[in-house]
Amino acid sequence: MGESTAKIWLLRLQRSPIKFRILPAMQDRSSLPEVAATRGWFARSLDVVERLGNRLPDPAVLFLLLMLLCWVISGLLSQVTFTEIDPRSGQPLVIRDLLAGESLTSFMAAMVTTFTAFPPLGVVLVAMLGLGVAEHTGFINATLRAAMAVTPKRLLTPALIAVGILSHVAVDAGYVLVIPLGAVIFHAAGRHPLAGIAAAFAGVSGGFSATLGVPSSLDPLLAGLTQTAAQLVDPAVTVNPLNNFYFTTASSALIVLLGWALTDLVIEPRLRGTAVDGDPANLPTQEPLKDAERRGLRAALVTIVIAIGLFAWTLLLEDTPWAALPNAAGERLLLVSGAPLMQSIVPIIFIAFLLPGVAYGYVSGSVKTHRDVIAGMTKSMSGMGYYIVMAFFCAQFIYAFGQSNLGALLALKGANALREAALPLGVTLAGIVVLTSLVNLLVGSASAKWALIGSIMVPMLMQLGISPDLTQAAYRVGDSSTNIITPLLPYFPLIVVFCRRYVQSTGIGTLVALMLPYSLTLIVGWTAFLLVFWGLDLPLGVGARYEYSRQ
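Residues numbered from 1 in each chain as written. Predicted model: local features only at pLDDT ≥ 70, side-chain atom pairs only at ≥ 80, totals over all residues. Heavy atoms only, no water.

## Examining the overall build of the protein chain
Threshold: Secondary structure is summarised from DSSP: a helix means a run of H or I of at least four residues, a strand means a run of E of at least two, and numbering begins at the N terminus for each. Type-normalised accessible area, obtained with a 1.4 Å probe on protein chains alone, sets the label of each residue: buried when under 20%, exposed when over 50%, and partly exposed for intermediate values. We call two residues in contact when some of their heavy atoms are within 4.5 Å. Using the Shrake-Rupley algorithm and a 1.4 Å probe, accessible areas are obtained, with residue cover drawn only from the displayed protein chains.
From N to C terminus, the protein chain includes 23 helices and two strands. Put simply, the protein chain has 551 residues, and 51% of those count as buried. Of all intrachain contacts in the protein chain linking residues separated by at least 6 positions in sequence, the fraction that spans at least 24 positions is 79%. Total accessible area computed for the protein chain in this model is approximately 24400 Å², and 67% of it derives from carbon and sulfur atoms.

Right, here's the structure in full:
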C-alpha cells in the first residue's frame, strides 16, 4: 500500500461511524516534527540499529551468506589443532571441514530431510491450519472484540506478557499463537500492533526460562544435563527437575513488570512515527458484536467446554494413553518431554482452534459449507509462502553450523576463559549470564548450549563450593535474554512475517531495534534479581542449594 492510500484509509477510519482511536503511532512521521525533535539519544541509537539492520540482505539471502561463511571458516579452522575437550566425545574438539568432498555430498544428500525435519516448520504450519480456520470464520476477531469490551486497556500489556510466559507449557506454541494475537489485540484496542508483537515476543521468548507457576518441559531437560555434568565430579549428586522452580516463578513477575514498563514507556512512543500500512481488509476492527456473532460465540463456547471435558476425562483415566511409559519408579507421568501429551501440544492447538472456529462459522453464518473451512486453511497457508522460503535457508544454515562444530568451539573457549579469570563469585555468576547470552546469539538450542557450557561450568563451580542448581539458574537467565535479538532464532523469520502484516517495510533491523531494549533490560535486571536471590538466600527451587559440599 502506498503512502497516499494509507492516508486515505486513515481518513476513512476517522470519518467512520465506528469510533476508532487513531494513535500518533499510526500517523505519518512527517506529521510529527515535534516528536522527532525531542527524541533522546537512546531512541536515536535504536534508529541507527534499525537502519543498519534493514540494510542487511533479505533474511533468506542472509542465511545463505552465513552458511557460505560457515563453510569457509570451517575449512580454515579444520587445519588447526584445539586443546578443548569435546564433552560429547571426551576427545579434543575438531572442526569439520564443510568444503571437503565428503561433507558437501553429505550436505546435498541431507538437504531435503534437513528442510522437512526443521522443527519450527511443522509446528508453524500445523498450528496455522487451525488458526487459519478460526480467523477465516471470524471466531478470533469476535472473541477478541468481546474480550476487549471487558478488559481495561491499561492491563493489556501485562496480561499479554503473562500469557506469553504461560505459553511455555506448550513448548514453542507461543510463537505461532500468542505473538500474532498480541498484534491483533493491540490493534483492535487502538494501539500500535508492533508494540503488541514486541510485548508478546518478550514474554514468549525473552522470558523463555520463566515459569508462571506451571513447570515446562525445559525444567527436566536442563536438570538432566546438569545432573550428568555434576556427576563428573560427584557421582552421588542428584538434581531435582524443579531445582529452579521458585526462582523462575518469581522471575515471571519481574519480566511482566519490566516488559510492561518498556512497552508502554519506550516501545510505543518510539513507534509513533511508524504508519500501519497493511491491507485494511485483513486488519482487525473494534465494532460492536452483532446478534449472529453472539450466537456463534455461544456455540463456540459450548463446543470448547465439551471438548475440554472429553479431553480431561481421557487425562484422568488410570491408564491414560497420554502418559509416558513407566519410569524406574513405575510412574507414568504426563508433564515430561517424552509423554504423548507433551508431544501432541501442536495438534491439540490445531484442534482447539478448528472446532470452535467451525462451530462459530456455521452458527454465525460466516461458513456455509465445508469448502469454506478448507478455504480458511488454504488462505492461511498462502500467507506462509515467504516464511517457508526463509525456513528452507535457515534450516540449511543451522545444519551446516552444527556439523562444523564452530558453535561448540565458541562455547568451550568462552567457558574456559571464564574459568581462568578466577573472578569473585558474584562476578562469575554474572559472567555465566553474559557468556550464555553471547553464545545464544549463534546457538539457538537451550539443551545444546547447556550440554556444552554446563559440562565445564558445573564441575568447575562445584570445586569452588557452588551448587549445580545455582549455576543452572545463571545459565537460564542468559539463555533467555538474547533470544529476542538474534536472527538465528528459528522463529525469528516468522516474527518478521507477522510484523509485515501491519508494517510492510519491516525488516530484520526493525525487529532487532524493537526488541533490543527488552534484551538489555533483561540481562541487567534479571542478573541483579538472581544476585538478590543468592544474597538473601531465598530458595531456588525444590531440593535446591546454593552451596555444594561433598557428602
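The discussion continues.
## Describing unusual backbone geometry
Here Asn405, not a glycine, exhibits a phi torsion of approximately 75°, which is positive. Following the sequence through the fold, Asn405 ends up in the loop between helix H17 (385-404) and helix H18 (406-421). Exposure remark for Asn405: the relative accessible area of 17% places this residue in the buried category. The backbone of Asp537 shows a phi angle near 60°, a positive value even though the residue is not glycine. On the secondary structure map, Asp537 appears in the segment after helix H23 (508-536).

## Some thoughts on the confidence of the model for the protein chain
When pLDDT drops low, the exact placement of atoms in the prediction is not to be read closely. Quick reminder of the rule: You can read pLDDT as the predictor saying how much it trusts each residue, on a scale of 0 to 100.
Of all residues in the protein chain, 85% attain a pLDDT of 70 or more, and the chain-wide mean is 80. When pLDDT is averaged over each helix and strand of the protein chain, the minimum, 38, is found for helix H1 (residues 3-15) and the maximum, 94, for helix H13 (residues 291-316). Of the regions scoring below 50 in pLDDT, residues 1-38 engages in 54 contacts with residues more than four places distant in sequence or in other chains.

## Section: the packing of aromatic side chains
The condition that has to hold: Two rings from Phe, Tyr or Trp (for Trp, the six-membered ring) form a pair when their centres sit within 6.5 Å of each other. Planes less than 30 degrees apart are called stacked, planes more than 60 degrees apart edge-to-face, and all others tilted.
The tally for this structure, following the rule as stated, stands at 13 aromatic pairs. Ring plane angle 85° and centroid distance 5.3 Å describe the contact between Trp71 and Phe107, whose orientation is recorded as edge-to-face. Taken together, the residues Trp71 in helix H4 (residues 59-77) and Phe107 in helix H5 (residues 101-116) connect sequence positions 36 residues apart. Summarising the burial analysis for this pair, Trp71 and Phe107 share the class buried. Centre to centre, the rings of Tyr175 and Tyr491 are 4.3 Å apart; their planes meet at 5°, and the pair counts as stacked. With Tyr175 in helix H9 (residues 173-188) and Tyr491 in the loop between helix H21 (468-481) and helix H22 (492-500), this residue pair connects regions lying 316 residues apart in the sequence.

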